[in-house]
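# Survey of secondary and tertiary structure
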Amino acid sequence: MKKILLPIIGAALMMAACDKIPEGEYTVFSGINATWSDGDGVEAIQRAYVEKYTGPTCTNCPLADETLDAAHETFGERLVVVSINHYEGQGKPFAGEPDMRTDGGTAWCKYFGINSLPSAYLNRNTSKQYTSSMGNIVTDIATAIAQQPVLGIGVSAKETNVGEISIGVDIQMAQAYTKPMTLTLALIEDSLAYKQSTPNGTDAEYVHNHMLRDVLTDFWGVDVQGVGAAGEKRHASFGTYSVKDENIKLENCHIVAFVSDKASKQVLNVAQCGIE
Amino acid sequence: MIIKRLLLSVLALAMVGNLHAQGIAGGHVTGNVQLEGQMSHADTTIGAGEVPERLLMNARADILYTNGDFSAGLRFEAYQNPLLGFDAQYTGQGIANYFVAYKTQRLAVTAGTFYEQFGSGMILRAYEDRYLGIDNALLGVNLMFRPIEGVTVKALAGKQRYYWQWGDGLVRGADAEIDLNSLIRPMSDSKLHVVLGAGFVSKYENDESIPSAADPEYRLNLPLNVGAGAVRMDMNYGHWSLQTEYARKGQDPSVMNGYIYRPGEALMLNLTYSKRGFSAGLQAKHVDNMSFKSSRNQSGEMLYINYIPAINKQHTYATLTMYPYATQVIGENGLQGEVMYRFKKGTALGGKYGTDIKVNGSMIYGLDTTQVGGAGTEGYTADWLALGEKYYTEASLEIDKKLNKKLHLTATYAYQVFNPVVEGHAPDLYHNHIVVGDLSWRINKKNALHIKAEWMGSDSHYDPAEGHTDRRAGDWLMGFVEWTIGTHWFISASDQYAYNDGVGNYPSVAVGYSTGATRLQVGYGKQREGLLCVGGVCRQVPASNGLTFSLTTSF
């Protein structure tokens, strides 16, 4: 009987490998779109983008924070970190605590197959994953920012009405790049104090920085239009973004803009700014 | 890659030993080689374009090493550049297929590339058809296990071949088949033979951004795992046989269905009665949104996980295949019936050698649908048994008679109604009457003649001034003569000529030589553009004018 049962159980497990999207949820908001025009240009400075996956009940996640906080001290604005709360397991919040999971972060987690915390990628180079104390990520960041940039990128953001932000991005090609590129905008928030597991126990007021609060554009960005050859300059004006969560304090927020290769998802350059 | 290197090493060692037979440790190396070449030049009268390369070539060599329960194989392919009608993405050469396998009565394991089918293929059929340029091989692991007598379980996982790459989507599947007569002792002697089966296949694809048709600020919330399951039953009782399979697929928005979320389903029924001198069969098919590919953005014939069997009669004669019907995986309802009766020897109609008569009828319609939206919606609703637009109908009568010891005649009449909407053109109905005479004459022990004469009358017509592009249109005559000389040589000549309401004259000649397992053929002439179909799956073949040659051999 066991010989028959095992295959049946196997088949039943496979049946679970079928997603069902509820009616009414076939489409999701894809974020704000860009209007492209000729730009004034921007200095090409190569920055490093670190996408770090974390969770409140992940005991070792504060070790990653320590490493990346120290890196920030070293590299300053040349390093942009985005902390993404995993969508399940150690990503689930403590009871009564704020839920930092986002649709965009969940999509990224699933795409990159993140199943252990903490984990991080540098410039979304998935051939090397950093875990626990982040290994030699500091050395790799130094190497990454020493590279000749493919493009320069600058971002500006302004709160036009309460909870409404208008954003502009400038791109200037430093080298020719003929493959399709996308531009992604993310809203991150610093100084969020909520409960976190640590190697020394639970810290009820652990301060979380760079937490992803929303992906403003489509999760995989909007197509970068009109650039490719070295020296070309473009400006992207985004429609108004309305902050979805009233608990978000814009004074503690930054807008992160990064350009990535559309196919490989590797980040070519990144910039961030505060909200005026 | 490790498998590929290991395999190459094993095969190299085996071939160092003895190419023809005994390899390492008593194993065997067998294989076959096929080379096809084509030279074509521009011909505006038939719409043939210039071939800049002058010479096109498809070549392949399959090599198989077997040693007891172990086997390993590889296939080298070269497309320098691909023959006309084959996708330019095949351009290149290399090891396209490689595997190692271990197979016993109870267990079979294949690592590398493999082909597999669950049931009739409605949820999984990884297969290859070199003439269509289709290769949906899976690269991964395939397992077959027979835990007890009468029960066969299969499981697999892999990625599909996409020309010289492997598709991004993951394909996972399992299938179980139970032969009740083997499993249940009291049924072992029963006249009723029953085989039950069930399978499930799931594909995984990464998320991506596809805009909603209704609102560009919204994107599709894509199912990353799409599953398809099927149940089937084969029954045989005396002269009767019944095969049935029902398949259902989960939400699978794709370019093939316009990114809608309607689940898919398909039902196949095949009832036959067969005894000496008489057989009858009835087939029914319902297909609704059953395109199942490992890439949601791929159109064309590559990366299909499943296969929907054709339900209309599969022909070989030129005029009968001029308007071939391609299975509509997006939706169709079909019915086919066939009766074969043999008039016995010595009767008035049977004559000295007997006479076979086959009557076949098939009709295929689209679904009767009501649109409810575009991308990001359910797409449409459809009633199960309601018929939509007529796609194809055919009635044919075939008489097969041996006239004497040297002459064998097959005569066919067919009436076809064809809707070009199934090929993506504007809907219309072409009505074709076709008559074929096929005579084989064994002149003596060394010489034989094969003569075919075909006629097609169609109400379609070709007039470029009216913007017509379909060069199949009009009334056609076709003739074919093949002379087989001894056991090695043959010479043939043929012509297809549109004598009314169409254009085109396609003469061609060929000569062939075969010895043992080797066959060489050289032809020269014009090739009509059209669809080449096998089992309802089709490839567009452009017009050409020039030399063709092929060489096949095996060892």
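Here the structure is a predicted model, which is why all the values come from computation and not from measurement.

### So, the nonpolar core
Residues and elements named next belong to chain A. Core analysis: the largest hydrophobic core is formed by 34 residues, its most contacted members being I167, V169, I171, L183 and I255. Those elements that place two or more of their residues in this core are β7 (151–161), β8 (164–173), β9 (181–189), β14 (233–238), β16 (253–261) and β17 (267–274). Sorting elements by how many residues they give to this core places β8 first, with five residues. Residues contacting I255, with those up to four places away along its chain left out, are V155, A157, I167, L185, A186, L187, L216, A271, Q272, C273 and I275. Counting 25 residues, the second-largest nonpolar core is a separate cluster that includes C61, V80, V82 and L212.

### Here's the deal with the packing of aromatic side chains
Given two aromatic rings, their pairing is described by the distance between the two centres and the angle made by the two planes. Residue and element names in this part refer to chain B. One pass over the full model with this rule turns up 23 aromatic pairs over all chains. Relative to F278, the ring of Y273 lies with its centre 6.1 Å away and its plane at 55 degrees, an arrangement referred to as tilted. Relative accessible area serves as the criterion here: at 24%, F278 is assigned to the partly exposed category. Pairwise contacts between aromatic rings join Y79, Y90, Y162, Y163 and W164 into one cluster.

### Details of a nonpolar patch on the surface
Residue and element names in this part refer to chain B. Together, V339, V359, L397, I399, Y413, V435, W455, L477, Y497 and Y499 line one region of the surface with nonpolar side chains, adding up to about 810 Å² of accessible area. Of all the secondary structure elements, the ones that give two or more residues to the nonpolar patch are β21 (380–402) and β26 (489–500). With respect to the helices and strands, V435 occurs in strand β23 (residues 430–442).

### Considering the interface of chain B and chain A
The interface is formed by 33 residues belonging to chain B together with 25 residues belonging to chain A. Note on chain B versus chain A: buried area summed over both sides is about 2500 Å², and carbon and sulfur give 60% of it. Area buried by chain B at its contact with chain A is led by F200(B), R219(B) and N221(B), which between them contribute 24% of it. Inspection of the chain B/chain A interface yields one salt bridge. Two residues, R219(B) and D218(A), come together in a salt bridge whose shortest N-O distance is 2.6 Å. Our count for the contact surface shared by chain B and chain A stands at 11 residue pairs in polar contact (both at pLDDT 80 or more). For the side of chain B that touches chain A, the secondary structure elements donating two or more residues are β12 (165–179), β13 (192–204), β14 (218–220) and β15 (225–237) of chain B. Taken together, the three bridges between strand β1 (residues 27–29) of chain A and β14(B) define a ladder with antiparallel strand orientation. Within the sheet, the bridge partner assigned to T27(A) lies in β14(B) and is L220(B).

What counts, and where the lines are drawn
Residues numbered from 1 in each chain as written. Chains lettered and ligands numbered in written order. Predicted model: local features only at pLDDT ≥ 70, side-chain atom pairs only at ≥ 80, totals over all residues. Heavy atoms only, no water. Core = buried A, V, L, I, M, F, W, Y, C linked by side-chain atoms within 4.5 Å. Buried < 20%, exposed > 50% of the residue type's maximum accessible area, 1.4 Å probe, protein only. Helix = DSSP H or I, 4+ residues; strand = E, 2+ residues; numbered from the N terminus. Contact = heavy atoms within 4.5 Å. Phe/Tyr/Trp six-rings, centres within 6.5 Å; stacked < 30°, edge-to-face > 60°. Patch = residues over 30% accessible without salt bridge, like charges linked within 9 Å, V, L, I, M, F, W, Y side chains within 5 Å. Areas by Shrake-Rupley, 256 points an atom, 1.4 Å probe, with all protein chains shown as cover. Salt bridge = Lys/Arg side-chain N within 4 Å of Asp/Glu carboxyl O. Buried area = accessible area lost by both parts, 1.4 Å probe. Polar contact = N/O pair within 3.5 Å; in protein donor to acceptor, adjacent residues only side chain to side chain. Pairing = 2+ DSSP bridges.

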